[in-house]
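Each chain is listed here by its residues.
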Amino acid sequence: MNPYRSYDARIIEVKELTSREKLFSLKFLDNEIEENFTFKPGQFVIVDIRGFGEFPISLCSSPTRRPIQLCIRRVGRMTKFIHKMNEGDIIGIRGPYGNGFPMDLMEGSNLILIAGGLGMAPLRSVLWYAIDSGKYEKIYLFYGTKSYEDILFRDEIIHLLKHGEKLNCHVKLAYEVETPSCIYLERGFSEKVCKGVVTDLFRGEEFDVENSYALICGPPVMYKYVIRELLDRGLSPGRIYMTLERRMRCGVGKCGHCIVGTSVSIKYICKDGPVFTYWDALSTRGLI
Amino acid sequence: MRYVKLHSEYFPEFFNRLKEVGRVYGPVRHNSTYRFEEVNSIDELSLDYTRTILPPKKFFIRPRDAMFKIQKNEVTEVDGDGKFVLFGVHSCDIHGIKILDKVYLSNPPDPYYERRRKNAFIVGISCMPDEYCFCKSLGTDFAMDGFDIFLHELPDGWLVRVGSVKGHEFVWENQDIFDDVTEEDLRNFKEFEEKRAKAFKKSLNKEGLADILDLAFTSKVWKKYAEKCLGCGNCTIVCPTCRCYEVCDTWVRAYEALRMRRYDSCFMPTHGLVAGGHNFRPTRLDRFRHRYYCKNYFDPEAGFNCVGCGRCDEFCPARIEHVKVLDEVREGLI
Ligand SMILES: Cc1cc2nc3c(=O)[nH]c(=O)nc-3n(C[C@H](O)[C@H](O)[C@H](O)COP(=O)(O)OP(=O)(O)OC[C@H]3O[C@@H](n4cnc5c(N)ncnc54)[C@H](O)[C@@H]3O)c2cc1C
Ligand code: SF4
Ligand code: SF4
Ligand code: FES
């Protein structure tokens, strides 16, 4: 078995989410693989465009649903290439990789999902898994975006703003750039939408810190502020989970790119993570 | 362990028999440096070499290495070469391979590495340290395993330690050139080892080193040396335990590409760069320090990621000395 070999997958749908992000729905050509492909929310795959290269992308669909989906932002060479691909095109997929969020451990507790920008992609997997399984107390989603136009999965978010409580899901949204659409949204959901950054969404919220877990994903700058907010509220560092990004090539702990830490503790983001607790961050320098 | 003796007069025949195992690669002199190269006769070998520029890792993780051939959507695994003999590997380099084994053979095993490891017949050889060697302080100056046979120099030949089933098979099938070990051989072996132990000029104080380094994250010593460092990455390329690689697809002709991997170095600014231009190790200081932390990561089961071969010192154009940097960081802490 060659762990670097990817499986053929067909792009069955391409949906434009924003001007920079597209949602790719995939189906493995091999029926057996299609049926048996399972993963945990928070895991990622390596996308292989044969002849051009590979790059890591989080699974953004829930393991409870099909097809599997990837939300890909166009930022550089490879992602630009896949943005030009269409329904019917074949790419390679290998994985799933990484540890994922401990969904079983968190059963029966409140989940506080805190997403910044593209961080919504991996957390969407958690969100729908939690909603579909019905095994969690209450689900909070605090989502910070740049502007209305940048809201990923906008339809789903607006749906949850409207009907989330029925699904046990409490969604709040913060935007940074004021546009007419945002103001309109804010008027409709004055309790749930505000101008500001993601930490502003904590205002007025009470959590049972003994029975909650926080799951964070966003740009590197976000972690410090969000974690401080959570610690101030008395959440234990062991209940703070975050998913991290590094340059990755192999995905299985060989190529060395994702190594962080020092002489006493070295971690591979690809196989020891990408999900870590704040305890890990305290014992591994450079993790966040 | 089984011990046998190889008399000097049988040495050429021994070499010929090895050639039957597979292609033989051994240390060859080039002016003042040495390289592992294919050798066809013992005259080409320099058995008293100090260290080669590239360690034997180049036979298992190649500087440039094709993984897959890609034709449209057809992907085929590129097969490794056949059996080969690595002749004259020093103890530190054997330990280097053992460290690579831990990474490349752990789950999921790297198929390219695994295949080459199975194809390799490793013949170790005893050596005398020069001014750069500090393997003794890391316990990598003697190999108990990781080789098939190991040759220890005696005045009239070699004391051979047999370290694996493959090694046993070789000795078994070539009984005619090996003899029993005599008491005199053992005396000579002991004498050589004692002389060697005294010959080390450099040593690393590894007492509590991992914690000391961790505590000294903000030490000024890192900064001082990062300013001297040219960021060339030589120290990582020549290191027997450094193994970062980059992957890229290269087109060989229309509709045919090769997925290649090649050595990467944490000294390159792109090593920690991710999309959008964010760099997790943006400065030379970050990168310089990272290498020391990676090499001196202390695994309770296996020790450090450095085997004290001295290559990084010998081939550093800025003359930065590994042990000196670590000693200064230690001193700077208190
Ligand atoms: C665990 C994980 C999960 C992720 N999940 C998502 C997700 O859900 N959605 C998403 O959009 N993104 C995600 N990303 C980020 C995604 O992997 C990057 O956006 C993607 O790799 C960008 O590739 P690119 O070729 O388009 O960008 P580029 O900027 O062209 O290249 C990416 C990186 O490789 C470098 N590089 C490219 N070519 C070379 C070369 N020839 N030599 C040296 N360096 C080179 C670049 O400098 C850059 O750092 C995730 C990353 C990780 C690690
Ligand atoms: S760090 Fe230097 S001395 Fe240690 S194994 Fe690598 S090259 Fe040899
Ligand atoms: S070999 Fe010397 S100069 Fe080059 S990167 Fe290493 S420490 Fe710096
Ligand atoms: S991505 Fe290669 S070691 Fe983690």
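Residues numbered from 1 in each chain as written. Chains lettered and ligands numbered in written order. Predicted model: local features only at pLDDT ≥ 70, side-chain atom pairs only at ≥ 80, totals over all residues. Heavy atoms only, no water.

## A few points about the overall build of chain B
Formally: A run of H or I in DSSP becomes a helix once it reaches four residues, and a run of E becomes a strand once it reaches two; helices and strands are each numbered from the N terminus. Values of the radius of gyration come from C-alpha atoms, whereas the globule rule sets the reference at 2.2 Å times the count of residues to the power 0.38. The buried label applies to any residue whose accessible area, calculated with a 1.4 Å probe on protein chains only, is under 20% of its type's maximum; exposed applies above 50%, and partly exposed to all values in between. Note on definitions: a residue-residue contact is assigned when non-hydrogen atoms from the two residues lie within 4.5 Å. A 1.4 Å probe and the Shrake-Rupley method give the accessible areas. Residues count as covered only by the protein chains that appear here. A positive count includes Lys and Arg, and a negative count includes Asp and Glu. His and the chain ends are not counted in either. Positions of charges follow a simple convention, taking NZ of Lys, CZ of Arg, CG of Asp or CD of Glu.
In terms of regular secondary structure, chain B is built from 12 helices and 12 strands. In terms of overall dimensions, chain B is globule-like: its C-alpha atoms have a radius of gyration of 22 Å, near the 20 Å expected for 334 residues. By its C-alpha atoms, chain B is 65 × 60 × 40 Å across when sized along the principal axes. Across the 334 residues of chain B, 56% fall into the buried class. Considering only intrachain contacts with a sequence separation of at least 6, the fraction spanning at least 24 residues in chain B is 73%. On chain B, roughly 15,400 Å² of surface is accessible, and the fraction owed to carbon and sulfur atoms is 51%. Computed over 51 positive and 52 negative side-chain charges, the separation of the two mean positions in chain B equals 7 Å.

## Looking at the overall build of chain A
Counting its secondary structure elements, chain A contains 8 helices and 15 strands. Against the compact-globule benchmark of 19 Å for 288 residues, chain A has a radius of gyration of 19 Å, which places it among compact chains. Its C-alpha atoms give chain A principal-axis dimensions of roughly 50 × 50 × 35 Å. The burial tally for chain A puts 59% of its 288 residues in the buried class. Sequence separation of 24 or more characterises 67% of the internal contacts of chain A that already satisfy a separation of 6 or more. In the form shown here, chain A has an accessible surface area of approximately 11,700 Å², with 48% of it arising from carbon and sulfur atoms. Taking the 39 positively charged and 35 negatively charged side chains of chain A as two groups, their mean positions are separated by 6 Å.

## Observations regarding the pattern of salt bridges
The line we're drawing: The term salt bridge refers to a pairing of a side-chain nitrogen on Lys or Arg with a carboxyl oxygen on Asp or Glu at a separation within 4 Å.
Within the structure shown, the criterion is met by 46 salt bridges over all chains. Residue Arg233(A) pairs with Glu229(A) through a salt bridge whose shortest N-O separation is 3.4 Å. A salt bridge links Asp156(B) to Lys5(B); its shortest N-O distance comes to 2.9 Å. Note that Asp156(B) is positioned in the loop between strand 8 (149–154) and strand 9 (157–162) and Lys5(B) in strand 1 (residues 2–7), a separation of 151 residues in sequence. With relative accessibility at 33%, the residue Asp156(B) sits in the partly exposed group. Here the salt bridges share partners, and the residues they tie into one network are Asp8(A), Asp48(A), Arg50(A), Glu54(A), Arg94(A), Asp249(B) and Arg259(B).

## Regarding the nonpolar core
Residues and elements named next belong to chain A. Filter applied, for reference: Take the buried Ala, Val, Leu, Ile, Met, Phe, Trp, Tyr and Cys residues and link them wherever side-chain atoms come within 4.5 Å; each set so joined is a nonpolar core.
Core analysis: the largest hydrophobic core is formed by 115 residues, its most contacted members being Leu111, Ile114, Leu127, Leu215 and Ile216. For this core, the element with the most residues is helix 3 (residues 120–133), which contributes 9 residues. Aside from chain neighbours lying at most four places away, what touches Ile216 is Ile114, Leu123, Met222, Tyr223, Val226, Ile227, Leu230, Ile240, Tyr241, Met242 and Thr243.

## Things to note about the domain arrangement of chain A
Residues and elements named next belong to chain A. Selection criterion: The source of the domain bounds is an automatic or database domain assignment. The term polar contact refers here to a pair of N or O atoms within 3.5 Å; inside protein, the definition further demands a hydrogen-donor-capable atom paired with an acceptor-capable atom, and it admits residues adjacent in sequence only when both atoms are side-chain atoms. Polar here means any residue outside two lists: the nonpolar Ala, Val, Leu, Ile, Met, Phe, Trp, Tyr, Cys and Pro, and the charged Asp, Glu, Lys and Arg; Gly therefore counts as polar.
When cut into domains, chain A gives domain 1 (5–95), domain 2 (101–242) and domain 3 (243–287). With centres defined by C-alpha atoms, the gap from domain 1 to domain 3 works out at 23 Å. If you look at the interface, domain 1 gives 6 residues, while domain 3 gives 7 residues. In this structure, the connection of domain 1 to domain 3 is made through 2 residue pairs in polar contact (both at pLDDT 80 or more). Among the residues forming the side of domain 1 that touches domain 3, the class breakdown is 3 nonpolar, 1 polar and 2 charged.

## Looking at the UniProt feature "domain: FAD-binding FR-type" in chain A
Keep this limit in mind: UniProt positions are given in the numbering used here, feature names are shortened, and annotations may be inferred rather than shown by experiment.
When the UniProt feature table is mapped onto this chain numbering, "domain: FAD-binding FR-type" sits at residues 4–103 of chain A. Taken end to end, residues 4–103 of chain A comprises 13% helix and 44% strand; its first and last C-alpha atoms sit 27 Å apart.

## Re the sheet that holds strand 11 (residues 245–253) of chain B
Residues and elements named next belong to chain B. The line we're drawing: In this analysis, strands are considered paired if DSSP registers two or more bridges between them. To define axes, lines are fitted to C-alpha atoms, for helices over the stretch in contact only, and angles between the resulting N-to-C directions are given on a 0 to 180 degree scale.
Here we have 4 strands laid out as an open sheet, ordered 5-4-12-11, and antiparallel in their pairing. Both outer strands of the open sheet, strand 5 (74–77) and strand 11, are each paired with one neighbouring strand and no more. For this sheet, the mean inter-axis angle between neighbouring strands, taken without regard to orientation, is 30°. Relative to strand 5, strand 4 (residues 64–71) runs antiparallel, the two sharing 4 bridges.

## Considerations on the environment of Lys135(A)
Residues and elements named next belong to chain A. You can see Lys135 is positioned in the loop between helix 3 and strand 8 (139–145). With relative accessibility at 41%, the residue Lys135 sits in the partly exposed group. When neighbours within four sequence positions are excluded, Lys135 is seen to be in contact with Glu107, Gly108 and Ala130.

## Description of the interface of chain A and chain B
Test applied: We define buried area as the total accessible area lost by two parts upon association, computed with a 1.4 Å probe and summed across both.
Each side of the interface is counted separately: chain A has 35 residues, and chain B has 49 residues. Counting each side, the surface lost to burial between chain A and chain B is near 3,500 Å², with a carbon and sulfur contribution of 54%. Counting the surface chain A buries against chain B, the share from its top three residues, Arg247(A), Lys254(A) and Ser263(A), is 20%. Across the pair Arg259(B) and Asp48(A) runs a salt bridge whose closest N-O atoms are separated by 2.5 Å. Connecting chain A to chain B are 26 residue pairs in polar contact (both at pLDDT 80 or more). Of all the secondary-structure elements, those providing two or more residues to the side of chain A that touches chain B are strand 3 (44–49), strand 4 (53–58), strand 13 (259–262) and strand 14 (265–268) of chain A. Residue composition of the side of chain A that touches chain B, by class: 15 nonpolar, 10 polar and 10 charged.

## Thoughts on the site of ligand 1
The line we're drawing: Note on terminology: near, applied to a residue and a molecule or strand, indicates that one of the residue's heavy atoms is within 4 Å of it.
The local shell around ligand 1 holds 23 residues, among which Pro56(A), Cys71(A), Arg73(A), Thr79(A) and Arg247(A) are the closest. What surrounds ligand 1 is not a single chain but chains A and B. The contact in question runs from an oxygen atom of ligand 1 to an N or O atom on the backbone of Pro56(A), over 2.6 Å. Note that an oxygen atom of ligand 1 is positioned 2.8 Å from one of the backbone N or O atoms of Met78(A). About the coverage of ligand 1: the protein hides 80% of its 950 Å² of free accessible area. Looking at the shell around ligand 1, the elements with two or more residues in it are strand 4, strand 5 (68–73) and helix 2 (77–83) of chain A. Considering each element in turn, the shell around ligand 1 owes the most residues, 4 residues, to strand 4 of chain A. Residue classes in the shell around ligand 1 are distributed as 14 nonpolar, 3 polar and 6 charged.

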